[in-house]
Amino acid sequence: MLVTGWGRNAKDTIEAFKNNKLKQSNISLVVYEEEPCGAKDLAESYQIETIKILKSDFKNIVAYQAFVIQEIKKRDIDYIFMLNYKYIIKDEMLKAFPNRILNIHPSLFPSFLGTKTAIQDALDYGVKVTGITTHIIDEKIDEGTILRQHPIKVKANDTFDSLYPKFAKAGQKIILKTIKTIENKHFKN
């Protein structure tokens, strides 16, 4: 898992793994940047390895991601899930893990891409339905192969504060369904 913030989605996913909601996968590493980081704390309480890697310790994003690639490859990790990860993945990392880097985005693709304010953008635009998409990333920002989508209805009186909890609740479900989709692709039992 790659996390640069508090890691609410990552925490929920770690908890789901530890509660045996996913039987064929394992979380072996949480790469984080900021502290406090709830995902890091929970991972450590379950003896999941964590590593703090600060982008500011590197001359640029490419050097930072080269180090992240090296750390992930040391551990023979199959898939990487970006959960509240704020950096754009560069070509070197895409090539190192082809079709194996997953992301979650708070919109229904192809709407409200390439923005950090997709929920507010949907409200401002006046949509009646928005939602969440998980996808395999590619070289384009917030595009790639769609894995799962979950619609969220927008009520006339919704604000960001009333809509965001719907995203939080749906986010955990779609993450688990996405992981199960990946498991079904690789495991027959």
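Here is a short report on the structure shown in this document. Note that the structure is predicted; figures quoted are calculated from it, not measured.

## So, the overall build of the protein
Per the secondary structure count, the protein includes six helices and six strands. Relative to the compact-globule value of 16 Å for 189 residues, the protein shows a C-alpha radius of gyration of 16 Å, a close match. With the principal axes as the frame, the protein shows a C-alpha extent of 50 × 40 × 30 Å. Going through the 189 residues of the protein one by one, you find that 46% of them count as buried. Put simply, 59% of the contacts in the protein that link residues at least 6 apart link residues at least 24 apart. Carbon and sulfur atoms form 50% of the exposed surface of the protein, whose accessible area is close to 10300 Å². In the protein, which carries 29 positive and 23 negative side-chain charges, the distance between the mean positions of the two groups comes to 6 Å.

## Re the layout of surface pockets
Roughly 990 Å³ of internal volume is contained in the largest pocket. What lines the largest pocket is a set of 38 residues, among which Asn84, Tyr85, Ile104, His105 and Pro106 lie closest to the centre. Those elements that place two or more of their residues in the lining of the largest pocket are α1 (8-18), β4 (101-105), α5 (118-125), β5 (129-136) and α6 (160-186). Here the lining of the largest pocket gets five residues from one element, more than from any other, and that element is α6.

## Quick look at unusual backbone geometry
For the bond running from Glu35 to Pro36, omega is 5 degrees, close enough to zero to count as cis. Looking at where Pro36 falls in the secondary structure, it is placed in the loop between β1 (29-32) and α2 (38-45). Of note, Asn20 is a non-glycine position whose phi angle comes to about 60 degrees, a positive value. Although it is not a glycine, Asn84 sits at a positive phi angle of roughly 65 degrees. Counting through the fold element by element, Asn84 comes out in the loop between β3 (80-82) and α4 (91-96). According to the relative accessible area criterion, Asn84 is partly exposed, its value standing at 44%.

What counts and how
- Residues numbered from 1 in each chain as written.
- Predicted model: local features only at pLDDT ≥ 70, side-chain atom pairs only at ≥ 80, totals over all residues.
- Heavy atoms only, no water.
- Helix = DSSP H or I, 4+ residues; strand = E, 2+ residues; numbered from the N terminus.
- Rg over C-alpha atoms; globule rule 2.2 N^0.38 Å.
- Buried < 20%, exposed > 50% of the residue type's maximum accessible area, 1.4 Å probe, protein only.
- Contact = heavy atoms within 4.5 Å.
- Areas by Shrake-Rupley, 256 points an atom, 1.4 Å probe, with all protein chains shown as cover.
- Lys, Arg positive; Asp, Glu negative; His and termini not counted.
- Charge placed at Lys NZ, Arg CZ, Asp CG, Glu CD.
- 1 Å grid on protein atoms, 1.4 Å probe; cavity = no way out; pocket = protein on both sides within 12 Å on 5 of 7 lines; lining within 4 Å.
- Points joined across faces, edges and corners; volume = space filled by probe spheres on them.

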